[in-house]
Amino acid sequence: MKKKLDSFIKRNKTLDEICSPVFFRLSDSSDKIKLETLLDSNINITVFDELIGQLEELVKSQNPRIKFTKESLNEAAKKYVGDTQFEEYGVWVYYPWATRLVHVLDEKEFVYVRTNRNQYKITPEEEELLAQKKIGVIGLSVGKAIALTIAMERICGEIRIADFDVIELSNLNRIQTGVQNFGIKKTVAVAREIAEIDPFLKVTTYPAGLTEENVDDFFLKDGRLDICIEVCDGLYTKIFSRQKAQSLGIPVVMNSSDRGTTDIERYDLNRDRPLLHGLIDHLDLNLVKQAKTNEEKVPYLLPMLGVETSSTRLKASMLEIEQTITTWPQLASGVILGGGIVTDVCRRILLGQLQDSGRYFVDLEELIRDKNKPDPVETKLILSDSITDEEMLEIIKSYNIPELNGQILLNRLQVEELVKYACMAPSGANIQSWQWVHHGKSIYLFRNDIYTAGLLDCKKTTMINGLGAALENLVLKAHEAKLEVISEVLPDLDENSKLIAVIRFFDQVNPEYAAKFEAHVCDELVSTIPLRVTNRNIVERQKISIDRLLPLKALAKTIEGADLILIDDEKLMDEIGEVTAKVDRMRIMHKGGHDDFHGEVRWNENEVNTLLNGVDLLGTVDLTPTELAGWTVAKNWNVINHLNEWKLGTGLEKLQRKNVASASALGLITMPRFSNNDFFNAGRALERVWLAANKDNIAVHTCSLSTLIFNTLAYADNNGFTEYMEKEAWELRKDFEKLFSLDASKVDVLLLRFFIAPPPKRRSVRYPLDRVLSFL
């Protein structure tokens, strides 16, 4: 059986490149002989002769006022042929790939009958004009629907089609063809289908796709193209086909099949108009040819395709590429709609009825929708007014805090220098929730709750952690200035506390309060404060000697109750990476966490320099182009909600896995209790560890939000988790506790990544001093 099958397969392969029909006009004796020879040599040919029906249609169309009966119409059709032998009338068309012989009207009458239903949406005069036009189609996925619709509507006299690919099983969700065409060139399959619709329509194929070698032929051979339709996947082809069209003054039309997105570029009216409406003007097009990987192509493709204006389902699907799917999804409905849109646009361009360029949308989901369908959910940021000087002064007076014996008054310059260094501390999402007041002889530290987190700041413990780090800096700077310090942190702080600490200064230790003075534990770290930086670089993992790590643990423990659990075992770190990656994914997929993400990320230079807070995504986060694209798409909650519905989103785990994979060691800061006071003190421990690490050229990054999420899970009054998400979170929590050997005596505060890396290209911005410091 195999030999027999192989022989048929081999024989059929000889037909794979054939896509033009053969014409036999039996009024020509040579054609008659050729047809007889063909029929004698191939007994498997199927013959179709429905010419009488075509003649009846022809007669009826030419005589619209006559009401024919079935019999009179048949008689009129036979009379129309006259003395010509019936088999000699018209033309016999042979389709070699299908071994079918079909009897049809000859070209003029065939086209007249076939397009008769176009009138007067297309007038006879317009038909004559369109018959002279030439249209090129590059890419035959969406392009196949376009080419076939153009052929059916017959808005041109020649179609040129270019694609290097073959028909595959996965194409059949959107390309209308049969399983018998697997392995056949797309150009061949499309040319055959057009020939079976209209054997007289000229089709020129470019089965190698559009290349630098054939581009002149494609655009110019046997007459210049009137329109170029570019719907291919190849980045370089997209660019250089437009450059060619622009140089020749040929309009370009593109459709992406999502939301009916259609681009019109009228280079015939303005050869100086920028490619793709200027969307890629900021990119170096000379480098396009060198772009081989997705990372190199993405900066060009995203603005071309218009990701910001894509449907939410397509955006959500984008986050699953190389996770659960291999490439962009397309639907037959969108592809076929695109065929109709582009054909309509091209017809109007060719007839001079459409002059404009631009990007247009025919979004059926918006046009045809339930009247009571709720509007998409928007991201909400909970913002409060900044605490005022009047409010802070009233709070200070309400506490009636006394001066202490020996307390000294600092001058303005001294206060400004201390607070400047304090504000160099890290804070959650660089929110900088500190507000400082110099009143009397003391400096007062307030928490300025201008922003309320939805997931990552359970009972305000994250923000107060940053205030503790700021106080640590202030104390170190004061010690450098030969000042002694008593910092009084208010007891029983909670999420409603505004005044956090009072700081007093002395020129020497007063024995009366000796136990209250700040110890000189790590004064040498003050010089590192201006150099301390969050380093989010992704690098290859390098080993750090345990002798360099253990002093960090010892330094953390100089704060009462604080500890730093260090892990440098690679296998264990990778397991932690898996757990924390899943938790960090949940941060984006939790509505409150997504609100936090939206509130803390700064997406461009203008946002960075205007807001002066948050995370500078482009400047401080080490992202590849595809990762940046993913996070840009993730801004939209409706996109993320699709992932929630589908229970997907693993692509959101990728960055945390990379973070941990580049870590030399991980460190978990813990405290005995979940309280504002403990987390304030944890901030001081954090800053000591961070400064010491940076001083030793060890990079530090608070690499995971998992600890913040776990605290919300465990301690929040309403954690906002869905039932499915909460169940997963508790399972991950158990794994996390096991990996770090945690028990009830330890509450985790922050997870740190220690590693060796070059400095980041940019530092986080800070508020100006006069915004966070008041003299009252």
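The structure we're discussing is the one just above.
What counts, and where the lines are drawn
- Residues numbered from 1 in each chain as written.
- Predicted model: local features only at pLDDT ≥ 70, side-chain atom pairs only at ≥ 80, totals over all residues.
- Heavy atoms only, no water.
- Helix = DSSP H or I, 4+ residues; strand = E, 2+ residues; numbered from the N terminus.
- Buried < 20%, exposed > 50% of the residue type's maximum accessible area, 1.4 Å probe, protein only.
- Contact = heavy atoms within 4.5 Å.
- Areas by Shrake-Rupley, 256 points an atom, 1.4 Å probe, with all protein chains shown as cover.
- Lys, Arg positive; Asp, Glu negative; His and termini not counted.
- Charge placed at Lys NZ, Arg CZ, Asp CG, Glu CD.
- Polar contact = N/O pair within 3.5 Å; in protein donor to acceptor, adjacent residues only side chain to side chain.
- Axes fitted to C-alpha atoms, helices over the stretch in contact; angles between N-to-C directions.
- Parallel < 35°, antiparallel > 145°, perpendicular 65-115°, else oblique.
- Left-handed = near helix turned anticlockwise from the far one by under 90°.
- Nonpolar A, V, L, I, M, F, W, Y, C, P; charged D, E, K, R; others polar.
- Core = buried A, V, L, I, M, F, W, Y, C linked by side-chain atoms within 4.5 Å.
- Patch = residues over 30% accessible without salt bridge, like charges linked within 9 Å, V, L, I, M, F, W, Y side chains within 5 Å.
- Salt bridge = Lys/Arg side-chain N within 4 Å of Asp/Glu carboxyl O.
- Pairing = 2+ DSSP bridges.

Visitor: An account of the overall build of the protein chain is needed here, citing residue identities and associated values.
Guide: Across its full length, the protein chain carries 29 helices and 24 strands. Seen through its principal axes, the protein chain has C-alpha atoms that stretch 130 × 60 × 50 Å. Looking at the protein chain as a whole, 51% of its 776 residues qualify as buried. In the protein chain, the proportion of contacts linking residues at least 24 apart, taken out of those at least 6 apart, comes to 76%. Just so you have it, the protein chain exposes about 36600 Å², and 52% of that area is on carbon and sulfur atoms. Mean positive and mean negative side-chain charge positions of the protein chain (96 and 115 charges, respectively) differ by 2 Å.

Visitor: Which residues make up the side chain of Asn448, and what are the values?
Guide: With respect to the helices, strands and loops of the structure, Asn448 is situated in the loop between strand S14 (442-447) and strand S15 (451-452). A relative accessible area of 9% means that Asn448 is categorised as buried. A distance of 3.3 Å separates polar atoms of two side chains, one belonging to Asn448 and the other to Gln435. What Asn448 contacts, discounting residues up to four positions off in sequence, is Ser386, Ile387, Ser433 and Gln435.

Visitor: How would you explain the side chain of Ser427 if you had to name every residue and give the values?
Guide: Tracing the backbone shows Ser427 in the loop between helix H16 (412-422) and strand S13 (434-439). The class for Ser427 is buried, based on a relative accessible area of 14%. Here Ile431 takes part through its backbone nitrogen, which lies 3.3 Å from a polar atom of the side chain of Ser427. Non-local contacts of Ser427, meaning those with residues more than four positions away in its chain, are made with Gln432, Trp434 and Gly466.

Visitor: Any chance you could break down the packing of helix H7 (residues 142-153) against helix H13 (residues 332-350) for me, citing the residues and the numbers?
Guide: The geometry of H7 relative to H13 is characterised by a closest axis approach of 8 Å and an angle of 50° between their N-to-C directions. Judged by the angle between their axes, H7 and H13 are oblique. The handedness of the crossing between H7 and H13 is right-handed. For the pair formed by H7 and H13, the contact residues are Val142, Ala145, Ile146, Thr149, Ile150 and Glu153 on the first element and Val335, Ile336, Gly338, Gly339, Gly340, Val342, Thr343 and Arg347 on the second. Split into classes, the residues belonging to the contact of H7 with H13 amount to seven nonpolar, five polar and two charged.

Visitor: Residue-level account of the nonpolar core, with values.
Guide: Soluble globular proteins: nonpolar side chains tend toward being buried together. By size, the foremost hydrophobic cluster in this structure holds 127 residues, and its most contacted members are Trp436, Phe505, Trp631 and Phe754. Core analysis: the next-biggest nonpolar cluster, separate from the first, contains 40 residues, Ala151, Ile155, Ile161 and Ile167 among them.

Visitor: Give a detailed account of a nonpolar patch on the surface, specifying residues and quantitative values.
Guide: A cluster of nonpolar side chains, namely Leu169, Val179 and Phe182, defines an oily patch on the protein surface of about 300 Å² accessible area. Structurally, Phe182 can be placed in the loop between strand S6 (158-162) and helix H8 (186-197).

Visitor: Describe the pattern of salt bridges, listing the residues and the values that go with them.
Guide: Using the criterion set out here, one finds 57 salt bridges in the structure. The closest approach of N and O atoms between Arg412 and Glu416, which form a salt bridge, is 3.3 Å. Remark: Glu416 and Arg412 occur in helix H16; sequence separation between them is four residues, near one turn of the helix.

Visitor: Explain the sheet that holds strand S17 (residues 499-506) to me, and be specific about the residues and the numbers.
Guide: Read across the open sheet, the five strands follow the order S16-S17-S14-S13-S24; overall the sheet is mixed. Because the sheet does not close on itself, it has two edges, and the strands there are strand S16 (484-489) and strand S24 (773-775). Across this sheet, the average inter-strand angle for adjacent strands is 20°, counted without regard to direction. As paired elements, S13 and S14 share six bridges and run antiparallel to each other. Looking across to S14, one finds that His439 is bridged to Ser442. Lying over the sheet, helix H26 (residues 676-695) contacts S14, S16 and S17, oriented at roughly 150° with respect to S16.

Visitor: Can you explain helix H24 (residues 637-646)? Please cite residues and give values.
Guide: Among the residues making up H24, those that are buried are Trp637, Asn638, Val639, Ile640, His642 and Leu643. Each element contacted by the buried residues of H24 is listed here: helix H12 (312-318), helix H19 (570-589), helix H20 (591-600) and helix H23 (625-633). The N-cap residue of H24 is Asn636: its side-chain oxygen and the backbone nitrogen of Asn638 are 2.8 Å apart. Just downstream of H24 lies Lys647, where phi reads positive at about 55°.

Visitor: Kindly report on the sheet that holds strand S2 (residues 46-49), identifying the contributing residues and their values.
Guide: The sheet built from four strands is open, its strands ordered S1-S3-S4-S2 with mixed pairing. On the outer flanks of this sheet lie strand S1 (22-24) and S2, each paired with one strand and no other. Here the average twist between neighbouring strands, direction ignored, is 20°. Where S2 lies against strand S4 (residues 100-104), four bridges are found, and the strand directions are parallel. Bridge pairing links Asp49 to His103 in S4.

Visitor: Give me the lowdown on unusual backbone geometry, citing residues and values where you can.
Guide: Tyr120 follows Gln119 through a cis peptide bond whose omega is 0°. Positive phi outside glycine occurs at Glu322, with the angle close to 65°. Inspection of the secondary structure assignment puts Glu322 in the loop between H12 and H13. Glu322 sits in the exposed class, given a relative accessible area of 59%. Phi angles above zero are rare outside glycine, and Lys460 is one such case at about 65°. Judged by its relative accessible area of 12%, Lys460 is buried.

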